[in-house]
Amino acid sequence: MDERFDVVVAGAGVAGAYVAFRLASAGLKVLVVDIKEFDRVGDKPCGDAIGGHHLNLLGLRDLPQDIVEGYVKGIDIHSPSGKVRFRVLGEGLEVDRVGLARYLLKRAVDRGAEFRGRTAAVEPLIRGGYLRGLKLHSSSRTYEVQSSVVVDATGNARAIARRLPKDWPVSEEADPKDFNIAYREVRVLKDEVEEPHILRIYLNKIVAPGGYWWFFPYSERRNYVNVGLGVQGGRGYPHPRDLLHRYVLSQQVFAGSTVVEAGGAPVPTRGPLSSLVWNGVAIVGDAAYTVNPVHGGGKGSSMVSSLCVADAIIEALELGDVSAGSLWKANICYMGNYGTKQAVLDIFRRFLQELSDEDLEFGMSAGIVKEEDLNSLSLRGELELSVAEKALRLVSGLRRPSLLARLRRVLDYMGRIRQMYENYPKVPSQLHTWRSEVSEIIREFEERVLMR
Ligand code: FDA
Ligand code: GRG
């Protein structure tokens, strides 16, 4: 006989483990499956950085000491020439990514969720316009489970979402150019790292076209650093591993270092899915494109989507209605807490990726963008006012008026996108028109600012 659950969660990375924990805490009957076994969930290449503000919002302030690799007090951003350095102060952690997912999953299981490792979600079961369960595969056995709601938390695989009908907005595929392909190594250096509480990001289009390279120390593990590099996808750029080895690991600081871990994966650096939910289904984390488009961090925001989705599912099940309309609160919550910022930053990301190293150097050295702007940009995606004012003040007599004029237009489009997301549809029936309007603004932005 088929098994039945309130919710089946496919994927137990941070997004899946966290949503399972929230749902199980509310007393729901939850099944979580992952192709990995319990001890290896969360084992995906990562820079391991997470902002303290996310941990506060998610109720994860007091993570066990043994999953903290480092305490972060700020991030240095280096200009292409290396001559300008912005220090953006902010609290965060370097986490043991496997330890974090395992910790969240254990909390879910302690609250009654069932976990099945080495189990793949292979097919959605759709009946009457609703997702009603999943076909699972484990040890050469394929079987079905029924549920009121299915959550796809399978990261880039989007194992369920991409098999849903094309007219369900959750099935939307991303453009390869909207990904960064990122690769990192964890290395033990011969010498101690200076300022181990400061993460470092380096901008340079030759070294990391359409991305950046990073050097993230683990302050709690002497001499350990997470060093990696991301390049924009879909553009035929060299593999980030080759670039990292050629330009970064050849530097003196890495001489005699040893490799502890190595690996890479795509990072979806774009705006969020236009809807995280549809009839009987919700998508969270990378599968819902919840990553910050500018810096590529996605752990915190993936769990923000899980928080919003869990609350909406709990309420929908209480009402006995798992339609898109009933689950819609997940969208209102996510767009309000993070999605709007993401969509606004996605406009800025597209502009940044078009800039030359000379433009970036100029922007950072001439004070068009300053440290304090980056602080407000990172927290709310609101570069508009501060930069617009300064750009206007500086515009006459500067060496690059065309760059400033473009920046003003970028800020205008960021503002227009913000307005659209602040008026995100209240009900599913309004989504189609809203999406068309958003697409039209982006199309216009590409034509008028990116000159495509
Ligand atoms: P994630 O991919 O972690 O989990 C998906 C889970 O689904 C996996 O456990 C997988 O096994 C499982 N799965 C897949 N298919 C399945 C199927 N068919 N059936 C069952 N299970 C299935 N973020 C950040 O915040 N700070 C950082 O420093 C970095 N740095 C960074 C560096 C690099 C190199 C990369 C590639 C990425 C980052 N990120 C990051 C991004 C961050 O890693 C990412 O946003 C989160 O891990 C997303 O978590 P999810 O749980 O959504 O997906
Ligand atoms: C090269 C695009 C690319 C991807 C590499 C290394 C990496 C992936 C991501 C690291 C991202 C990073 C610097 C995270 C720092 C932690 C953090 C969340 C900083 C605070 O910045 P906010 O406030 O963060 O902008 P949120 O998550 O709220 O957007």
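Structure shown above.
Residues numbered from 1 in each chain as written. Chains lettered and ligands numbered in written order. Predicted model: local features only at pLDDT ≥ 70, side-chain atom pairs only at ≥ 80, totals over all residues. Heavy atoms only, no water.

**Student:** What is the right way to read the site of ligand 1 from this model?
**Tutor:** Surveying the vicinity of ligand 1 reveals 32 residues, the closest of which are Asp 34, Gly 47, Ala 49, Asp 286 and Lys 299. Here an oxygen atom of ligand 1 and a backbone polar atom of Val 14 are 3.3 Å apart. Between Ile 35 and ligand 1, the recorded distance is 3.3 Å, taken from a backbone N or O atom to a nitrogen atom. Those elements that provide at least two residues to the shell around ligand 1 are helix H1 (14-25), strand E7 (120-127) and strand E14 (258-268). Along the lines of polarity and charge, the residues of the shell around ligand 1 split into 16 nonpolar, 10 polar and 6 charged. Taken domain by domain, the shell around ligand 1 gets at least three of its residues from each of domain 1 (3-48 + 99-174 + 270-327) and domain 2 (73-87 + 176-267). (Near = heavy atom within 4 Å. Polar contact = N/O pair within 3.5 Å; in protein donor to acceptor, adjacent residues only side chain to side chain. Helix = DSSP H or I, 4+ residues; strand = E, 2+ residues; numbered from the N terminus. Nonpolar A, V, L, I, M, F, W, Y, C, P; charged D, E, K, R; others polar. Domains from an automatic or database assignment.)

**Student:** I would appreciate a short explanation of the sheet that holds strand E10 (residues 179-188) in the present structure.
**Tutor:** Picture the strands of a sheet paired through backbone hydrogen bonds; they go either parallel or antiparallel. Pairing is mixed in the open sheet, where 8 strands are placed in the order E3-E5-E4-E11-E12-E13-E10-E14. In the strand order of this sheet, the two ends are held by strand E3 (49-51) and E14, each with one partner. The mean inter-strand angle of the sheet, taken between neighbouring strand axes irrespective of direction, is 30°. As paired strands, E3 and strand E5 (residues 85-95) are joined by 3 bridges and run antiparallel to one another. Residue pairing for E5: Gly 51 is matched across the bridge by Gly 92. (Pairing = 2+ DSSP bridges. Axes fitted to C-alpha atoms, helices over the stretch in contact; angles between N-to-C directions.)

**Student:** In this structure, what is going on with the side chain of Ser 301? I would like to understand it.
**Tutor:** The topology assignment puts Ser 301 in helix H5 (residues 299-319). For Ser 301, the residues in contact, after removing those within four places along its chain, are His 54, Thr 290, Val 291, Asn 292, Tyr 334 and Tyr 338. (Contact = heavy atoms within 4.5 Å.)

**Student:** Can you help me understand helix H7 (residues 329-354) in this one?
**Tutor:** An α-helix turns once per 3.6 residues; consequently, residues spaced three or four apart project the same way. The first and last C-alpha atoms of H7 sit 36 Å apart over 26 residues, in line with the 38 Å expected at 1.5 Å per residue. Burial analysis of H7 places 19 of its 26 residues in the buried class, which makes it a mostly covered element. (Expected span 1.5 Å × (residues − 1). Buried < 20%, exposed > 50% of the residue type's maximum accessible area, 1.4 Å probe, protein only.)

**Student:** Hey, could you run me through the state of the cysteines in this one?
**Tutor:** What is meant by a disulfide is a covalent connection between two cysteines, made through their sulfur atoms. Throughout the structure, instances matching the rule amount to 1 disulfide. Disulfide pairing is shown between Cys 308 and Cys 333; the S-S distance is 2.1 Å. Given an S-S torsion of about -60°, the disulfide between Cys 308 and Cys 333 has left-handed geometry. Of the two residues, Cys 308 is situated in helix H5 and Cys 333 in helix H7; the sequence distance between them amounts to 25 residues. (Disulfide = S-S within 2.5 Å.)

**Student:** Please explain the packing of H7 against helix H12 (residues 431-448) as it appears in this structure.
**Tutor:** In a packed pair of helices, the relevant descriptors are the angle between the two axes and the axis-to-axis distance. Remark: H7 packs on H12, axes separated minimally by 12 Å, with the N-to-C direction vectors making an angle of 20°. Between H7 and H12, the angle falls in the class roughly parallel. Here the hand of the crossing between H7 and H12 comes out right-handed. For the pair formed by H7 and H12, the contact residues are Ile 347, Arg 350 and Phe 351 on the first element and Ile 442, Phe 445 and Glu 446 on the second. Of the residues belonging to the contact of H7 with H12, the class tally is 4 nonpolar, no polar and 2 charged. (Parallel < 35°, antiparallel > 145°, perpendicular 65-115°, else oblique. Left-handed = near helix turned anticlockwise from the far one by under 90°.)

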